[in-house]
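# Summary of structural features
For reference, the chains in residue letters:
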Amino acid sequence: MNDAEVPMFPDEVSETLVYTIEGLDCADCASKLESGIRRLHGILDVQVNFTAAKMKVVLNSKVINPEDVLKAIKGFGYSAVLAGAAGARRVTFRVSGLDCADCAAKLEKKILGTTGVKTAKLNFGAGKLEVEHCISDEEIIKVIVQAGYEAAIIGKASSAAQEKSWWQRPRILTTALSGLLLLAASIQDLSGQYNQIQVTVLYLGAMLAGGYHLAKSGLYSLRSFTFDMNFLMTIAALGAGTIGEWSEGGVVVFLFSLGNVLQVYTMDKARQSIRALMDLKPREALVRRNGQEIILKAEEIVVGDVLLVKPGERIAMDGIVANGVSTVNQATITGESMPVEKKTGDSVYAGTINEQGALEITVTKLDEDSTLAKIMHLVEEAQAQKAPSQQFVDKFSKVYTPCVIIGALLLMVVPWLLFNQPFTEWFYKALVMLVISCPCALVISTPVSIVSAIGNASRIGVLIKGGAYLEQIGTIEAVAFDKTGTLTIGKPKVTDIISVSSVTEEEILVLAASVEKKSEHPLADAIVQRAKDFALKPVSDFKALIGRGAQGTIGTERIYVGNLALFKDAGVNNAQLEAKVVQIEAQGKTVMLVGSGKEVYGLIAAADTLRENSSAAIKALRAVGIKHLAMLTGDNRRASKVIAEKIDIDTVLSELLPEGKVAALRDFGQKYGGVIMVGDGVNDAPALATADVGIAMGVAGSDTALETADIALMSDDLTKLSYTIKLSRKMMKIIRQNIAFSIILKGLFLLGTLIGFVNLWLAVFADTGAAILVTLNGMRLVQKLK
């Protein structure tokens, strides 16, 4: 809107509101409504979303109120409700029966257009629907059920849909009844001794039983102008009955209904691969609260409660060990089956198994905030994101389906009108073409593969934040590593303390530890640990000097702890020390100088050790085709070179500041067509954000690191990086197989339809069979790779 069009008011108080419009049936009407509302005195801006049937209004609340806008909308002949007003709340539903992403998109669109719904987001991969609304939950469930699916509120006890076993679902029962009636009709038909009316009634019964949910959903899609496969199949079944092909109509309906049931079953299996993680967490636990031991449900346990965990029991909540020593199997979180020793002060996670000793654990997080719950949330969010290949398929199917429907209509009337061909024959072929036009196999080919692969990775302790990252990691040929805490353990130890002045070694250590106590760098921790038996001095004006060291004031003197560059910047002449520093660094150690702004008091050397699996991880990456490996570090050149030579790193860039790492990654990206960065997820945040794929490792229990990276390794096992790359490549191979299979099969059957080779039941068999086959092919990714 131009500035000239915006009314100006002396005391303007703008308010943004969203209205849900009912009865908006064409884009032109929406445009007229928008223009009319914009002309109202006090309206600053208006945007009508015809597709979502919503209108966003920015108004001056001192000139016009929301009720006046409602009256104006009604004056145009529509009804409206102020979305989000009066008691809007967010509710999450578990939706059962979703068998394709296209169906999920149509259901989301319909819910979004329901009066009183503010926002709706349907995660097809997880089968979860999140709705913000100001109507009853039952009304939302009613809309879902009308569309042919089942729904239950997540976390609500004793829901009917949750209590039903899979085999008790109405669609399965009606499909079974349809199959029995079809079998009875076929036996009589083939026997040669039958009553025609009786057989026709049996076929009709099979069509009605198997087609009940089909027709219900088809009618629903017609009313909402979202023509899906249910609508097409309903037309095909009615058409078959119209021309007297009762047997084919019965077979078509039964096969399609059976295919839907099998697709739902296989997709539910894929989703369960993630939901099963939450089943590992106990629903209740023995808790000590106010001196009493009681059993509480997980959601009733609060921060500060003490869990009493016996040997062999699963830990119900995240917390810190308050008393006891044991080993804990953390495979649920990290993917590592080797138990980890836990003692007082150590962190433990919900869903892990206490193996030997009894533990008392102080709860530090609520049930919904646990690391396991965080993993579940991140994985389900990842499944909801569309990868590039899925976006391509979705765009293709939107063009493909309408084109084939138009083609079917032309096939029905053109030969009859222009070439004097029999109407019935070409009407039948058009019905077959309508059945074939369903893009279900094509649309489902990508998401089921991504859901399965992300689930596979999560079970070994690799969290992938979206299909796009999983696709991309398999195409990149360059990997850059941070050194400290990534390739090395990240817990260096002080090896040497050398005085070069009148200050003693003990005093040098105390001065350095006093300053570094406020730092979070691993080298600082090493110095503090070495000085744990000494009394440290109070420090003021502490400042971390990124890439150089740290400084602080002790008494009246400013003390510096850092590298040669730090003291050069401070104006201290240390030329005579450079040879000594070079000599120590050549041994693979990192040297820190300690001194004031006038002189250097002494040197402290520390050394880190390589992780046991770093060398194996590098070899595994080369084995999967990674062509270039680099190490980016702020450490000195000589110490970095020693580490790099031990594990066969191609390029070493040392003494880098954070901006230096970012620049190096940009260069690698341009040179090799993309780069992966592996770091700790917090200190390396700028580098991880710059890389095409940022991977944080060892992030169990770290919410910040989980949010920072594109991919997170829950444990410190770098060998999982090559596994993830292999998983990515296998996923892309399967996706390409599925897409090619779906398109080629459609093309062959369309050709077969034109030459009269394909009939209705064969078309349905091919369509549903193809959808099931691509689903099963994608589910191969659930299995752990060899």
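In this report, the structure presented in the accompanying data block is examined. (Residues numbered from 1 in each chain as written. Predicted model: local features only at pLDDT ≥ 70, side-chain atom pairs only at ≥ 80, totals over all residues. Heavy atoms only, no water.)

## Some remarks on the overall build of the chain
Quick note on the threshold: Put simply, DSSP marks the helices as runs of H or I at least four residues long and the strands as runs of E at least two long, and each gets a number from the N terminus on. A 1.4 Å probe rolled over the protein chains alone gives each residue an accessible area, and that area as a share of the maximum for its type sets the label: buried under 20%, exposed over 50%, partly exposed in between. Here, two residues are considered to be in contact whenever any of their heavy atoms come within 4.5 Å of each other. Areas reported here follow the Shrake-Rupley algorithm with a probe of radius 1.4 Å; residue values treat only the protein chains shown as occluding.
When you go through the chain residue by residue, the secondary structure sums to 28 helices and 30 strands. For the chain, the proportion of its 786 residues judged to be buried stands at 53%. Pairs at least 24 apart in sequence give 67% of the contacts found in the chain among residues at least 6 apart. Accessible area for the chain stands at about 35,400 Å²; split by element, carbon and sulfur atoms hold 56% of it.

## Describing the packing of aromatic side chains
Quick reminder of the rule: Any Phe, Tyr or Trp ring, taking Trp's six-membered ring, that has another such ring centre within 6.5 Å forms a pair; planes under 30 degrees apart are called stacked, those over 60 apart edge-to-face, and the others tilted. Geometrically, a lysine NZ or arginine CZ counts as sitting over a ring once it is within 6 Å of the ring centre and also within 35 degrees of the ring normal.
Overall, the coordinates contain 4 aromatic pairs when judged by the stated rule. Seen in terms of ring centroids, F423 and F427 are 5.5 Å apart; in terms of plane orientation they differ by 20 degrees. Their pairing is stacked. Of this pair, F423 and F427 both sit in helix α13 (residues 423-436), 4 residues apart, which is roughly one turn of that helix. Assessed through its relative accessible area of 33%, F423 is described here as partly exposed. Ring centres of F668 and Y672 lie 6.2 Å apart, and the angle between their planes is 35 degrees; on these two criteria the pair is classed as tilted. One end of the pair, F668, and the other, Y672, are both in helix α24 (residues 658-672), 4 residues apart, so they sit about a helical turn from each other. Looking at F668, the relative accessible area reads 9%, which means it is buried. Y672 gets classed as partly exposed once you look at its relative accessible area, which sits at 26%. Geometry around W426 places K429 over its ring, the cationic atom sitting 4.1 Å from the centre.

## Concerning α24
What counts is decided by this rule: What a helix is expected to span follows from its residue count: subtract one and scale by 1.5 Å. Here, the arc refers to the directions that run from the helix axis to the C-beta atoms.
With 15 residues, α24 should reach 21 Å at 1.5 Å per residue; the first-to-last C-alpha distance of 21 Å fits that figure. Inspection of α24 places K661, V662, A664, L665, F668 and G669 among the buried residues, and these make up the whole buried set. With its buried residues spanning 165 degrees around the axis, α24 presents them on a single face. The outward face of α24, more than 90 degrees from its buried face, is lined by the exposed residues E659, R666, Q670 and K671. Those residues of α24 that are buried lie in contact with β19 (478-482), β26 (628-632), β27 (651-653), β28 (676-679) and α25 (685-690).

## Focus on the nonpolar core
What counts is decided by this rule: Nonpolar cores were defined as sets of buried Ala, Val, Leu, Ile, Met, Phe, Trp, Tyr and Cys residues, with membership established by side-chain atoms within 4.5 Å.
Ranked by size, the top nonpolar core spans 44 residues in total, and within it F481, V678 and I695 carry the most contacts. Contacts of I695, omitting those with residues within four sequence positions, involve I473, I676, M677, V678, G679, L688, A709, I711, L713 and L721. Residues V253, L750, A763 and A766 belong to the second largest nonpolar core, which totals 40 residues.

## Quick word on the sheet that holds strand β10 (residues 292-297)
Note the following rule: At least two DSSP bridges between two strands are needed for those strands to be called paired.
As summarised here, the arrangement of the 6 strands in space is β10-β9-β11-β17-β12-β15, forming an open sheet in which the pairing is antiparallel. On the outer flanks of this sheet lie β10 and β15 (347-348), each paired with one strand and no other. Relative to β15, strand β12 (residues 319-323) runs antiparallel, the two being bridged by 2 bridges. Opposite G319, over in β15, you have V348 as the bridge partner.

## Observations regarding the sheet that holds strand β20 (residues 493-499)
Sheet strands pair by backbone hydrogen bonding; their relative direction is either parallel or antiparallel. The following threshold applies: The convention used is that axes are lines fitted to C-alpha atoms, helices contributing only their stretch in contact, and that angles between N-to-C directions extend from 0 to 180 degrees.
One open sheet holds the 6 strands; their spatial order is β20-β25-β24-β23-β22-β21, and the pairing between them is antiparallel. The open sheet has two edge strands with one neighbour each: β20 and β21 (540-545). Direction aside, the axes of adjacent strands within the sheet are offset by 15 degrees on average. Two elements, strand β22 (residues 549-554) and strand β23 (residues 557-562), share 6 bridges in a ladder whose sense is antiparallel.

## A word on the pattern of salt bridges
Condition: Any Lys or Arg side-chain nitrogen found within 4 Å of a carboxyl oxygen on Asp or Glu counts as a salt bridge.
Going through the model one piece at a time under the given rule, you end up with 15 salt bridges. Between K661 and D482 there is a salt bridge; the shortest N-O distance is 3.1 Å. Taken together, the residues K661 in helix α24 and D482 in strand β19 connect sequence positions 179 residues apart. Here D482 falls in the buried class, since its relative accessible area comes to 6%. Here K568 and E578 are joined by a salt bridge, their closest N and O atoms 3.7 Å apart. On the criterion of sequence distance, the pair formed by K568 in helix α20 (residues 564-569) and E578 in helix α21 (residues 578-585) is long-range, its members being 10 residues apart. Classification of E578 by relative accessible area gives partly exposed; the value is 30%.

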